[in-house]
Amino acid sequence: SGYKDKIGAAAILFRTGCHPRKLLFNLGTKEEHTVYEVEAVGLRLATEFITTEDDLVFPISVFVHNQAVIQSSENFYLKPGTYLIDCFCNRINCLAVKVILKR
């Protein structure tokens, strides 16, 4: 989101009985970055929480409120910022393999 001409992303992890954890990332100005990029970086921050938690409880929910980001995770597009979605999908796939191998 944007504030005072700056644009950044955030991810918050809520767990029962624990204080919320948050990650913040400042991308720069709104002239340099798009809302799409910011939302995709937010997903990337969420993967940091997911891949670093020791005792994950499934299912896991990740919420994003940008239709372009949601749709790009389902389809392949060549446009600026899609590498961020690819990174998110790759991290989630690695986590899935890790969980399967633990069973």
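Given the structure is predicted, the values throughout are model-derived calculations rather than measurements. Residue indices begin from 1 for each chain and proceed along its sequence in written order. Where local features are concerned, this predicted model is filtered to residues with pLDDT of at least 70; where side-chain atom pairs are given and counted, the filter is 80 or more; whole-chain, interface and lining totals use all residues. Hydrogens and water are ignored here; the side-chain numbers use all heavy atoms of the structure.

### Comments concerning helix α1 (residues 35–52)
Point 1. Counting from the N terminus, the helices are DSSP H or I runs at least four residues long and the strands are E runs at least two residues long. The span you would expect from a helix comes to 1.5 Å times its residue count less one. Helix length check: α1, at 18 residues, gives a terminal C-alpha distance of 26 Å against a target of 26 Å (1.5 Å per residue), a fit within 8%.
Point 2. Only protein chains enter the area calculation, which uses a 1.4 Å probe; residues under 20% of their type maximum are buried, those over 50% are exposed, and those in between are partly exposed. With 14 of its 18 residues buried, α1 lies for the most part within the structure.

### Side note on the confidence of the model for the protein chain
One rule of thumb: low pLDDT means the predicted coordinates there are not for detailed reading.
Point 1. A residue's pLDDT is the predictor's confidence in that residue, given on a scale from 0 to 100. Of all residues in the protein chain, 82% attain a pLDDT of 70 or more, and the chain-wide mean is 79.
Point 2. The secondary-structure element of the protein chain with the lowest mean pLDDT is helix α2 (residues 67–72), recorded at 66, while strand β3 (residues 21–29) shows the highest, at 91.

### Re the pairing of strand β2 (residues 6–13)
Point 1. By the convention used here, strands pair only if DSSP detects at least 2 bridges between them. Note: strand β1 (residues 2–3) against β2, two bridges, orientation antiparallel. Bridge pairing links G2 to I7 in β2.
Point 2. Note that β2 and β3 share eight bridges and pair antiparallel. Its bridge partner lying in β3, G8 is registered against N26.

### Here's the deal with unusual backbone geometry
Point 1. Not every positive phi belongs to a glycine, and D5 is a case in point at roughly 65°.
Point 2. Within the fold, D5 resides in the loop between β1 and β2.

### A word on the pattern of salt bridges
Point 1. We count a salt bridge whenever a side-chain nitrogen from Lys or Arg sits within 4 Å of a carboxyl oxygen from Asp or Glu. In total, this model carries five salt bridges according to the counting rule given.
Point 2. R15 serves as the salt-bridge partner of E53, at 2.4 Å between the closest nitrogen and oxygen. Here E53 is found in the loop between α1 and α2, whereas its partner R15 is found in the loop between β2 and β3, with 38 residues between them in sequence.
Point 3. Assessed through its relative accessible area of 16%, E53 is described here as buried.
Point 4. Judged by its relative accessible area of 23%, R15 is partly exposed.
Point 5. Where E53 meets R21, a salt bridge forms, and the shortest distance between an N and an O atom there is 2.2 Å. Taken as a pair, E53 in the loop between α1 and α2 and R21 in strand β3 lie far apart in primary sequence, 32 residues in all.
Point 6. In this structure R21 comes out as partly exposed when scored by relative accessible area, which is 36%.
Point 7. Connected through salt bridges with shared partners, the residues R15, R21 and E53 form a single ionic network.

### A short note on the nonpolar core
Point 1. Within this scheme, the nonpolar core is defined by two criteria: the residues are buried Ala, Val, Leu, Ile, Met, Phe, Trp, Tyr or Cys, and they are joined through side-chain atoms within 4.5 Å. One finds A9, L27, V38, V41, L45 and I85 to be the most contacted residues of the largest nonpolar core, which totals 15 residues.
Point 2. Mapped onto this core, the elements with two or more residues apiece are β2, α1 and α3 (82–102).
Point 3. It is α1 that contributes the most residues to this core, seven residues altogether.
Point 4. Here a residue-residue contact requires only that any non-hydrogen atoms of the pair lie within 4.5 Å. Each residue touching L45, except ones within four places of it in the same chain, is listed here: A9, A10, A11, L23, L24 and F25.

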